[in-house]
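# Geometric and topological summary
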Amino acid sequence: MNPLVVVGDVLTLQPCDYCIGQVVLRLKVTYVPRYANFLASSWVRLEGLELRPDGTPGRERVVMVRVQAIRDAPPVRPVPEVRGR
């Protein structure tokens, strides 16, 4: 079973999907608490870097995110680097 969210994931969150949201937020996750992948939760506290429209990192954020929003729009997960033989 894949975890709901892992460090390095990029989430695109609509204003209704995170507490006190006013704009669409792109967040590159830098910290996931141990309980975050416990699917019975309705909300999860995540830490990450806000990504600007050009993809460069902005300020650090701590946000409460609706778990259902992550399920409905799965994060962009970084592809592991494959090393040559």
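In case you missed it, the structure is sitting above this.
Residues numbered from 1 in each chain as written. Predicted model: local features only at pLDDT ≥ 70, side-chain atom pairs only at ≥ 80, totals over all residues. Heavy atoms only, no water.

Moving on, we get to the state of the cysteines. Applying the stated criterion across every chain yields a total of 0 disulfides. Cys19 provides the cysteine sulfur closest to Cys16, a residue in no disulfide bond, and the two sulfurs are 12 Å apart. For Cys19, a relative accessible area of 39% puts it in the partly exposed group. (Disulfide = S-S within 2.5 Å. Buried < 20%, exposed > 50% of the residue type's maximum accessible area, 1.4 Å probe, protein only.)

One finds Leu11, Leu46, Val65 and Ile70 to be the most contacted residues of the largest nonpolar core, which totals 15 residues. Taken together, the elements giving at least two residues each to this core come down to β1 (10-13), β2 (25-31), β3 (43-51), β4 (57-66) and α1 (67-72). The element contributing the most residues to this core is β2, with 3 residues. (Core = buried A, V, L, I, M, F, W, Y, C linked by side-chain atoms within 4.5 Å. Helix = DSSP H or I, 4+ residues; strand = E, 2+ residues; numbered from the N terminus.)

In spatial order, the strands read β1-β2-β3-β4; together these 4 strands make up an open sheet with antiparallel pairing. In this open sheet, the two edge strands, each paired with only one partner strand, are β1 and β4. Neighbour-to-neighbour, the strand axes of the sheet open up by a mean angle of 45°, direction not taken into account. Looking at chain direction, β3 and β4 are connected through 8 bridges and run antiparallel. Counted as the bridge partner of Glu47 is Val62 from β4. (Pairing = 2+ DSSP bridges. Axes fitted to C-alpha atoms, helices over the stretch in contact; angles between N-to-C directions.)

Moving on: the pattern of salt bridges. This model, assessed by the stated rule, comprises 5 salt bridges. Between Arg77 and Asp9 there is a salt bridge, and its shortest N-O distance comes to 2.8 Å. Taken together, the residues span a long stretch of sequence, with Arg77 in the segment after α1 and Asp9 in the segment before β1 at a distance of 68 residues. Of the charged contacts, one joins Asp17 and Arg66 as a salt bridge, the two residues approaching to 2.6 Å between their closest N and O atoms. Of this pair, Asp17 sits in the loop between β1 and β2 while Arg66 is found in strand β4, placing the two residues 49 residues apart along the sequence. (Salt bridge = Lys/Arg side-chain N within 4 Å of Asp/Glu carboxyl O.)

Attention now moves to the environment of Tyr18. Along the chain, the position of Tyr18 falls in the loop between β1 and β2. Classification of Tyr18 by relative accessible area gives buried; the value is 4%. Setting aside residues up to four positions removed in sequence, Tyr18 forms contacts with Leu13, Val23, Leu25, Trp43, Arg61, Val63, Met64 and Val65. A polar atom in the side chain of Tyr18 sits 2.7 Å from the backbone oxygen of Val23. (Contact = heavy atoms within 4.5 Å. Polar contact = N/O pair within 3.5 Å; in protein donor to acceptor, adjacent residues only side chain to side chain.)

Before going further, it helps to examine the side chain of Asp17. For Asp17, a relative accessible area of 9% gives the class buried. Separated by 2.6 Å, the side chains of Asp17 and Arg66 make a polar contact. What Asp17 contacts, discounting residues up to four positions off in sequence, is Trp43, Met64, Val65, Arg66 and Ala69.

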